[in-house]
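Structure at a glance
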Amino acid sequence: MDLVQLQRQLVEYRTSLYHEGFLDEQYTQLQELQDENNPDFVVEVVSLFFEDSERLLNELTKALEQQSIDFKRVDAHVHQLKGSSSSIGAQRVQKVCIAFRNYCEEQNVEGCLKCLQQVRHEYSLVKTKLESMFQLEQQILSAGGSIPM
C-alpha cells in the first residue's frame, strides 16, 4: 500500500471513530497539543489512560464481588474512570460511566454489575480501535510520511 493510500485510510478510520461515537472533540484537542517537540504526546496520554483504566476496572470488579458492597468506593472508581475517559475523548466509555454512577447512587447491585460489563466492553473496543489507529500512524511515519489532520 502506498503512502497516499495509508494516509487516506487513516483519515477515514479516524473519521469513523468520531461518527461511531468512540471519540469526541476532546480527542481532537489532545491531538492539537502534540507538536514536533513532543511527537508522542497523544500515544503517551492514551497509554496512561489504558493503564489507569485497567487498574480501575480491576478495582471495580473486586469491589462489586464483596459480600457487603461499598457503593461510595465503587462510585469513586467510576468517577475516576469517567474523568479519565472524558479527558481523552473516549465518549462511549464516559457515557456508560454516567449510567454506572446512577446505579451506585441507587445502590443497585444488578445495575452496577451490568454497567461493569458494558464499560469493560466499551473500553475494550476503544482500546483496540485506538491501538489500530496508532499502528496505522506508525506505518505512515515509517514510510516517511506525515500524519494528516
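Residues numbered from 1 in each chain as written. Predicted model: local features only at pLDDT ≥ 70, side-chain atom pairs only at ≥ 80, totals over all residues. Heavy atoms only, no water.

Per an unreviewed UniProt entry, the protein carries the name Histidine-containing phosphotransfer protein and comes from Hibiscus sabdariffa. What UniProt records for the protein under Function (unreviewed entry) is the sentence "Functions as a two-component phosphorelay mediators between cytokinin sensor histidine kinases and response regulators (B-type ARRs). Plays an important role in propagating cytokinin signal transduction." (UniProt positions renumbered as here; feature names shortened; annotations may be inferred.)

Looking now at the overall build of the protein. The secondary structure content of the protein amounts to six helices and zero strands. The linear arrangement of helices and strands in the protein, starting from the amino end, is α-α-α-α-α-α. Overall, the C-alpha framework of the protein stretches about 55 × 30 × 20 Å when taken along its three principal axes. Looking at the protein residue by residue over its 149 residues, the buried ones come to 39%. Looking at the protein alone, contacts between residues at least 24 apart form 66% of all its contacts between residues at least 6 apart. (Helix = DSSP H or I, 4+ residues; strand = E, 2+ residues; numbered from the N terminus. Buried < 20%, exposed > 50% of the residue type's maximum accessible area, 1.4 Å probe, protein only. Contact = heavy atoms within 4.5 Å.)

As a further point, take the environment of R8. You can see R8 is positioned in helix α1 (residues 3-19). Along the backbone, R8 and N58 are 50 residues apart, and their C-alpha atoms lie at a distance of 37 Å.

Mapped onto the elements, E54 comes out in helix α3 (residues 41-65). Note: C-alpha distance between E54 and R120 (66 residues apart in sequence) is 9.1 Å. If near-sequence neighbours (up to four positions away) are discounted, E54 is found in contact with Y123 and K127. Among the polar contacts listed, one links the side chain of E54 to the side chain of Y123, at a separation of 2.7 Å. Looking at E54, its side chain comes within polar contact range of the side chain of K127, at 3.4 Å. (Polar contact = N/O pair within 3.5 Å; in protein donor to acceptor, adjacent residues only side chain to side chain.)

Turning to the packing of aromatic side chains, a few remarks are in order. Centre-to-centre distance and the angle between the planes together describe a pair of aromatic rings. Under the definition given, this model contains three aromatic pairs. On the basis of an interplanar angle of 50° and a centroid distance of 6.0 Å, the ring pair of F49 and F50 is categorised as tilted. Taking the relative accessible area as the measure of exposure, F49 reaches 3% and is therefore buried. Taking 6.2 Å as the distance between ring centres and 80° as the angle between the ring planes, the aromatic pair formed by F50 and Y123 counts as edge-to-face. Highlighted residues: F50 in helix α3 and Y123 in helix α6 (residues 109-142), separated in sequence by 73 residues. The pair F50 / Y123 is uniform in exposure class, with both members buried. The rings of F49, F50 and Y123 are connected pair by pair, giving a single aromatic cluster. Here the basic side chain of R92 rests over the ring of F22, its NZ or CZ set 3.9 Å away from the ring centre. Sitting above the plane of the F50 ring, K127 keeps its charged end 5.5 Å from the centroid. (Phe/Tyr/Trp six-rings, centres within 6.5 Å; stacked < 30°, edge-to-face > 60°. Lys NZ or Arg CZ within 6 Å of the ring centre and 35° of its normal.)

So, on to the packing of α1 against α6. One can describe the packing of α1 onto α6 by two numbers: an axis separation of 10 Å at closest approach and a directional angle of 160°. Accordingly, the angle class assigned to the pair α1 and α6 is roughly antiparallel. As for the relative orientation of α1 and α6, their crossing is left-handed in sense. Together, L3, L6, Q7, Q9, L10, Y13, R14 and L17 of α1 and K129, S132, M133, L136, E137, Q139 and I140 of α6 make up the contact between the two elements. When the residues that make up the contact of α1 with α6 are grouped by side-chain class, the tally is eight nonpolar, four polar and three charged. (Axes fitted to C-alpha atoms, helices over the stretch in contact; angles between N-to-C directions. Parallel < 35°, antiparallel > 145°, perpendicular 65-115°, else oblique. Left-handed = near helix turned anticlockwise from the far one by under 90°. Nonpolar A, V, L, I, M, F, W, Y, C, P; charged D, E, K, R; others polar.)

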